[in-house]
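# Close look at the chain arrangement
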Amino acid sequence: MLSTKDMSAGSGNIKPVVGPGNNVIRINSVSFDVTPYDVDAYNIVLHVETEPVAGEFNGFLKDMNNPNGPRYAGQVGRVRFSPYPYKDTTLPSGREIQRDTEVLKAMVYLSEVLNKREELDKIEANTIEAFMVECNKLFSDSEYFNACLGAREWENKEGYINNDLFLPRMSKDGIPLEASNKENSRLLTFDANNTNHLRKLEKKESIATSSFEPAAASAGDDFDL
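Parameters and conventions
Residues numbered from 1 in each chain as written. Predicted model: local features only at pLDDT ≥ 70, side-chain atom pairs only at ≥ 80, totals over all residues. Heavy atoms only, no water. Helix = DSSP H or I, 4+ residues; strand = E, 2+ residues; numbered from the N terminus. Buried < 20%, exposed > 50% of the residue type's maximum accessible area, 1.4 Å probe, protein only. Contact = heavy atoms within 4.5 Å. Areas by Shrake-Rupley, 256 points an atom, 1.4 Å probe, with all protein chains shown as cover. Salt bridge = Lys/Arg side-chain N within 4 Å of Asp/Glu carboxyl O. Expected span 1.5 Å × (residues − 1). Pairing = 2+ DSSP bridges. 1 Å grid on protein atoms, 1.4 Å probe; cavity = no way out; pocket = protein on both sides within 12 Å on 5 of 7 lines; lining within 4 Å. Points joined across faces, edges and corners; volume = space filled by probe spheres on them.

Helix and strand counts for the chain come out as three helices and nine strands. Helices and strands appear in the chain in the N-to-C order β-β-β-β-β-α-α-α-β-β-β-β. Going through the 225 residues of the chain one by one, you find that 40% of them count as buried. The contacts of the chain with a sequence gap of at least 6 include a subset with a gap of at least 24, amounting to 65%. Looking at the chain as shown, the accessible area adds up to about 12,900 Å², and 46% of this sits on carbon and sulfur atoms.

Shown next, in the form of structure tokens:
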């Protein structure tokens, strides 16, 4: 099927960065990143890569300090596991959200997508930071799986529109990650008109590209349906 979705204007080449939409991806690594505005709030970030791109494609270097080194065979990106950071908070309803519990629930979900629940249950750690170090070891270099990637658009200093990627929340409409060849699929179908999938930047006409800058947001619970 012909599509211009991943092409850069003018060049006709496929962009080396993955954008929002339904994709087949793998995890190269997992990081647990403190937000720049709150030392108690963290993002789980999946460093992902799509399936190899056929034809004329120039992926990012795997080592930016080695210009002659190997390149990624697929598009890459950084995807926040939740639209919002993980933080201890109290919702307007009075319900208390515990950061560490929500992070553990997120990793249970990921382990079940990747068929690694048994290995996950063997991890024990004194802190959530130490636990996530072990999760990175467990989930890095994963098999490919299906994903619905959402995005928040933002504008950089040069006036270009970028995508801050995240996983849309689970809901009655479906789930954002699912194993490949899953029977009775519940995977979300990306909808650019759904603000839970794409948060568009309201501004005058701009040129679109993509980047990896994180977004500021408030905490929430993604894993209670």
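Read on for the rest.
Turning our eyes to something else, we now look at the pattern of salt bridges. Inspection of every chain in the model, using the stated rule, returns eleven salt bridges. Close ionic contact of D164 with R80 constitutes a salt bridge, the shortest N to O distance being 2.8 Å. A residue pair is termed long-range when its members are at least 10 positions apart, and D164 in strand β7 (residues 161–166) and R80 in strand β3 (residues 76–80) qualify at 84 residues. Since its relative accessible area comes to 3%, D164 is described here as buried. A salt bridge links D121 to R117, with the shortest nitrogen-to-oxygen separation between them at 2.8 Å. On the criterion of helical spacing, the pair formed by D121 and R117 is a turn pair, its members being four residues apart in helix α2 (residues 117–121). Under the relative-accessibility criterion, R117 is labelled partly exposed at 33%. Among the charged side chains, a network of salt bridges with common partners joins R26, E49 and D141.

Mapped onto the fold, N163 is located in strand β7. Counting along the chain gives 146 residues from N163 to V17, while the straight-line C-alpha distance between them is 9.8 Å.

This paragraph deals with helix α3 (residues 128–139). Spanning twelve residues, α3 covers 16 Å between terminal C-alpha atoms, matching the ideal 16 Å at 1.5 Å per step. Phi turns positive one or two residues past the end of α3, at D141, with a value near 55°.

On to the pairing of strand β2 (residues 38–50), then. On a regular strand, one side chain projects to one face of the sheet and the next to the other, so that they alternate. Along β2, ten of the 13 residues are buried, which leaves the element largely enclosed by surrounding structure. In the sheet, strand β1 (residues 21–35) pairs with β2 via ten bridges, with the strands oriented antiparallel. Each residue of the ladder has a partner; that of S31, found in β2, is V45. The hairpin turn running from β1 into β2, its antiparallel successor, is two residues long. Where β2 and β3 come together, five bridges link them in antiparallel fashion. Across the sheet, V48 pairs through a bridge with G77, a residue of β3.

Moving on, we get to the layout of surface pockets. Computed from the structure, the second largest pocket encloses a volume of approximately 210 Å³. If you trace the second largest pocket, you find 15 residues lining it, with R169, S171, N194, N196 and H197 closest to the centre.

Working note: α-helix, 3.6 residues per turn, so residues spaced by three or four point in the same direction. For helix α1 (residues 99–113), spanning 15 residues, the distance from its first C-alpha to its last is 22 Å, which sits close to the expected 21 Å at 1.5 Å a residue. Of the positions making up α1, those classed as buried are R99, E102, V103, A106, M107, Y109, L110, S111 and V113. One or two positions beyond α1, positive phi appears at N115, with a value near 60°.

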